[in-house]
Amino acid sequence: MQVIEAFKPFEIQEIELTAWKQRPVKNNFFELVLIKDGEGTQCINYNEVHYNKGSIFLLPPLKCHSFNIEKSTKFVFLKFTDSFFKNVNRITIDRNEWFKEASYILSNYNQLPGDIIKNDIDRTHLASLIEMILQESRSYSESSINLVTSLMTSVLEILIRNIKKSNYFEIPNNNDERITKMLTYINENIDKTELLKVENLAEVFMLSSTYVSEYFKKQVHMSLREYIIKAKLKLVEIRLLNSDFTLTQIADELGFTDVSHLSKTFKRYAGQSIREFKNNGEYMMLKRGTCAPRMNV
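Below is a short write-up of the structure.

Each value, and the rule that gives it
- Residues numbered from 1 in each chain as written.
- Predicted model: local features only at pLDDT ≥ 70, side-chain atom pairs only at ≥ 80, totals over all residues.
- Heavy atoms only, no water.
- Helix = DSSP H or I, 4+ residues; strand = E, 2+ residues; numbered from the N terminus.
- Buried < 20%, exposed > 50% of the residue type's maximum accessible area, 1.4 Å probe, protein only.
- Contact = heavy atoms within 4.5 Å.
- Areas by Shrake-Rupley, 256 points an atom, 1.4 Å probe, with all protein chains shown as cover.
- Pairing = 2+ DSSP bridges.
- Patch = residues over 30% accessible without salt bridge, like charges linked within 9 Å, V, L, I, M, F, W, Y side chains within 5 Å.
- Salt bridge = Lys/Arg side-chain N within 4 Å of Asp/Glu carboxyl O.
- Lys, Arg positive; Asp, Glu negative; His and termini not counted.
- Charge placed at Lys NZ, Arg CZ, Asp CG, Glu CD.
- Phe/Tyr/Trp six-rings, centres within 6.5 Å; stacked < 30°, edge-to-face > 60°.
- Lys NZ or Arg CZ within 6 Å of the ring centre and 35° of its normal.
- Polar contact = N/O pair within 3.5 Å; in protein donor to acceptor, adjacent residues only side chain to side chain.
- Arc of directions from axis to C-beta.

A few words now on the overall build of the chain. Tallying secondary structure elements over the chain gives eleven helices and five strands in all. Buried positions account for 50% of the 297 residues belonging to the chain. In the chain, 69% of the contacts between residues at least 6 apart in sequence involve partners at least 24 apart. For the chain, the exposed surface amounts to about 15,100 Å²; the carbon and sulfur share of it is 50%.

Across the two faces of strand 4 (residues 56–59) the burial is the same, with I56 and L58 and F57 and L59 all buried. Across four bridges, the pairing between strand 2 (residues 30–44) and strand 4 is antiparallel. The residue of strand 4 that forms the bridge with L34 is I56.

A surface patch of negative charge is lined by E16, D37, E39 and E70. Turning to its location among the elements, E16 is positioned in strand 1 (residues 11–17).

Taken as a whole, this structure holds eight salt bridges when the rule is applied. A salt bridge links E194 to K197; its shortest N-O distance comes to 3.2 Å. On the accessibility criterion, E194 (53% relative accessible area) is exposed. Where K230 meets E226, a salt bridge forms, and the shortest distance between an N and an O atom there is 2.8 Å. Linking K230 with E226, this pair stays in helix 8 (residues 224–242), spanning four residues, or about one helical turn. With relative accessibility at 34%, the residue K230 sits in the partly exposed group. Of the residues examined, E226 reaches a relative accessible area of 25% and is grouped as partly exposed. Taken together, the shared-partner salt bridges in this structure form one network comprising E14, K36 and E131.

Attention now moves to the pairing of strand 2. With twelve of its 15 residues buried, strand 2 lies for the most part within the structure. Pairing of strand 2 with strand 5 (residues 65–80), which is carried by 13 bridges, proceeds in the antiparallel orientation. Opposite V33, over in strand 5, you have F77 as the bridge partner. Across five bridges, the pairing between strand 2 and strand 3 (residues 47–51) is antiparallel. Pairing of I44 across the sheet is with N47, part of strand 3. From the end of strand 2 to the start of strand 3, which pair antiparallel, there are two residues, and N45 there has a positive phi angle of about 50 degrees.

Moving on: the packing of aromatic side chains. On inspection of all chains with the given rule, the structure shows twelve aromatic pairs. Their ring planes at 55 degrees and their centres at 6.2 Å tell us that Y51 and F75 sit as a pair that is tilted. Here Y51, found in strand 3, pairs with F75, found in strand 5; they are 24 residues apart in sequence, far enough to count as distant. Here Y51 matches F75 in class, with each residue buried. An aromatic cluster is present here, built from W20, Y51, F57, F67, F75 and F77 joined pairwise through their rings. The ring of F256 is capped by K232, whose NZ or CZ atom sits 5.8 Å from the centre of that ring.

Once that is clear, we can look at the side chain of R239. Checked against the element boundaries, R239 lands in helix 8. Residue R239 is classed as buried on the basis of its relative accessible area of 2%. A distance of 2.7 Å separates a polar atom in the side chain of R239 from a polar atom in the side chain of E253. If near-sequence neighbours (up to four positions away) are discounted, R239 is found in contact with F99, K100, S103, F245, I250 and E253.

What follows deals with unusual backbone geometry. Backbone geometry at M206 places phi at a positive 55 degrees, although glycine is not the residue there. Within the element layout of this structure, M206 appears in the loop between helix 6 (198–204) and helix 7 (212–220). If you check the backbone angles, H221 has positive phi at about 65 degrees while not being a glycine. Of note, H221 is situated in the loop between helix 7 and helix 8.

Where helix 7 is concerned, the buried positions are V212, Y215, F216, Q219 and V220. Around the axis of helix 7, the buried residues are gathered within 105 degrees of arc, so they sit on the same side. Exposed positions of helix 7 whose direction lies more than 90 degrees from the buried face are E214 and K218. Structurally, helix 7 contributes buried residues whose contacts are with helix 5 (177–188), helix 6 and helix 8.

And the structure:
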């Protein structure tokens, strides 16, 4: 077994296993998993899918996950953390922009098992980027950190591109491409209140301003206002569990009037206070890692 953890809090691990073992769990944003060789099945919350050489998965936080190894498997785990991008010394990458992009992945990725990459060219690009990160992590230096930061940003861009190309938005029995584009637009601009106004959406998607809300509810089975609020609250949850952003910063960034407005809205939709959610989330982070056997009821 080879374990590489040259960058703190950044981590990359290359491990060959014949049987899945629960790994030490830390509070992290998410992990990208590359299967360099082997066969078996991946499980997330009791949903399973086959894997083989070249498969690429995301392991989201708070979800139990495991691999049933049928043939000796070489894994590469690439862990993304907010603190890595906050602490490294760089000029070219803005931490807030990185966090926004990573949040987009977790907000819109359906978090079911299965290969995240649908494009063979992107699969090749990712494998090459991950191999470069592995090589750099073996020869630790300040220049290595800067290069790894850039490489990880490129990995993020490829992940986001694949999520945007795939229909990860849950729209039952719908063939209207315009609503998918509208949902993508809303999620990309969720922190820009002006762009989410009915008048702007009507102009961008060539609809009557009096028809936008009716059209949206007909397609998504949820009001436009409720969808925007819930999309914002997904990002609130991600920031609460995976960053040190203050409530004031979160409220300002996502267009809430103040912390009180954020707290009341959160409790109304989540059914618990921000403090309760954060405490429960931190507990789940400690518990996650391997799916327990499903109980037959």
